[in-house]
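# Analysis of the macromolecular model
Listed below, chain by chain, are the residues.
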Amino acid sequence: MSTRDTSTLGILFILIGVMAISVNDMLIKQLSGGYPLHQLVFTRSAIGLILTLFMLQFEGGWTLLKTNRPWLHLLRALMIVISNMSFFAAIAVLPLAETTALFFAAPLMITLLSIPILGEKVGPMRLSAVLVGFVGVLIMQRPWQSMADSDVSRLVLLLPVLAALTYALNQVMTRKLGMSSKASALAIYIQATFILVSAIFFVVAGDGRFAEGVENGAVIFLLRAWIWPATADIPLLIGLGFLSAIVGYCLGQAYRISSAATVAPFEYVGLPLAVFWGFVIFGELPDIAVTVGILLIMGAGLFVFLRERMLARRITRPPNTRG
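Predicted, not measured: the structure shown is a model, and the values here were computed from it.

Criteria and thresholds
Residues numbered from 1 in each chain as written. Predicted model: local features only at pLDDT ≥ 70, side-chain atom pairs only at ≥ 80, totals over all residues. Heavy atoms only, no water. Helix = DSSP H or I, 4+ residues; strand = E, 2+ residues; numbered from the N terminus. Buried < 20%, exposed > 50% of the residue type's maximum accessible area, 1.4 Å probe, protein only. Contact = heavy atoms within 4.5 Å. Areas by Shrake-Rupley, 256 points an atom, 1.4 Å probe, with all protein chains shown as cover. Core = buried A, V, L, I, M, F, W, Y, C linked by side-chain atoms within 4.5 Å. Phe/Tyr/Trp six-rings, centres within 6.5 Å; stacked < 30°, edge-to-face > 60°. Lys NZ or Arg CZ within 6 Å of the ring centre and 35° of its normal. Salt bridge = Lys/Arg side-chain N within 4 Å of Asp/Glu carboxyl O. Axes fitted to C-alpha atoms, helices over the stretch in contact; angles between N-to-C directions. Left-handed = near helix turned anticlockwise from the far one by under 90°. Nonpolar A, V, L, I, M, F, W, Y, C, P; charged D, E, K, R; others polar.

The subject of this paragraph is the overall build of the protein chain. For the protein chain, the helix and strand inventory stands at 13 helices and zero strands. Relative to its full complement of 323 residues, the protein chain shows a buried share of 53%. By sequence separation, contacts in the protein chain at least 24 residues apart represent 85% of the contacts at least 6 residues apart. Carbon together with sulfur atoms contributes 71% to the accessible area of the protein chain, which is approximately 14300 Å² in total.

Quick look at the structure:
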């Protein structure tokens, strides 16, 4: 297959993955009012794992799961779990577009972290772009607004930033240590870790005792009691599982067969999709501060990618891997 063909196929995989992510996030926000986060994560990951095991057989079978770096896979997966849980907790109480835009600060963090950890040189143009992006993050934190006038706490606004940071650490760690596995195997490691962590949450907090008397919506979503799904919600929960499998496979495959410089910018399609779902499903429209922040973060991120492509440097993808 020619380089042009693999690039086209990589772009197709990334677009499918990003669309699946946007629907996944919308469904989790829609279900966040009645179910605990760890129940949703357990359900989607269990279904996603079953589907991904079929993909594993298609790509070569059980032997693909063998690795000489199991602890690296575990650490990498834990970073993704922290990132996802933080992001999902945030979308329970924040507008979808705002949460997604703050999460897209991760590529900027990757650029900064690559200096001390990878020893890479980052020129003044990219550093300036990173600074502009962080100005966008700061604007969306609304430092001029008192907590009495805000619907959410500062800690909730920082959850997507934490998600971005843990994702960035994961990506820089992966670049530093190196890793070669099939897309299905990588997805299985992550799905299994999600199941393990959510099962631990169930054992410790599945009865909802830690959510009693709590007023913070994100904390309630994280710690409320497990319940038996309503009949009308069962198709949505099954859909989350299918979407989880699609996301894990398509993103992994896109970056296996194409260069990151080619496919990475297409992940920013996730931002207008988040605005679309936020408006159509939840009646949310970004205010001026969020709109300015989205434009600054998206513009800065795209500039960094294009600049690195011009310099023929290796680029890590933006943060839409919500496994």
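Before going further, it helps to examine the nonpolar core. In a soluble, globular protein the nonpolar side chains are often hidden away together inside. Counting 69 residues, the largest nonpolar core has I28, L37, L40 and F88 as its most contacted members. Residues L49, L56, I188 and Y189 belong to the second largest nonpolar core, which totals seven residues.

Structurally, E98 can be placed in helix α4 (residues 96-103). For E98, a relative accessible area of 4% corresponds to the buried category. Apart from residues lying up to four places away in sequence, E98 is in contact with M140, R142, L157 and V290.

Moving on: the packing of aromatic side chains. Scanning the entire structure with this criterion turns up nine aromatic pairs. Taken together, a centroid distance of 4.6 Å and an interplanar angle of 55° make the contact between F202 and W226 tilted. Remark: W226 occurs in the loop between α9 (217-223) and α10 (234-257) and F202 occurs in helix α8 (residues 183-205); sequence separation between them is 24 residues. The partly exposed category is assigned to F202, whose relative accessible area is 42%. Counting every residue linked through ring pairs, the aromatic cluster contains F87, F88, F103 and Y167. Residue placement shows K29 over the ring face of F282; its charged tip is 5.4 Å from the ring centre.

Before going further, it helps to spend a moment on the pattern of salt bridges. According to the stated counting rule, one finds four salt bridges in the structure shown. Between R142 and D287 there is a salt bridge; the shortest N-O distance is 3.0 Å. Of this pair, R142 sits in the loop between α6 (124-141) and α7 (154-177) while D287 sits in the loop between α12 (270-282) and α13 (288-310), and the two are 145 residues apart along the sequence. In this structure, D207 and R209 form a salt bridge, with 2.8 Å as the shortest nitrogen-oxygen distance. Salt bridges sharing partners connect three or more residues here, namely E98, R142 and D287.

Let us look at the packing of α4 against α6. Running from amino to carboxyl end, α4 crosses α6 at an angle of 145°, the nearest separation of the two axes being 10 Å. The handedness of the crossing between α4 and α6 is left-handed. Touching E98, A101 and L102 of α4 are V137, M140 and Q141, all from α6. Its residues placed into classes, the contact of α4 with α6 shows four nonpolar, one polar and one charged.

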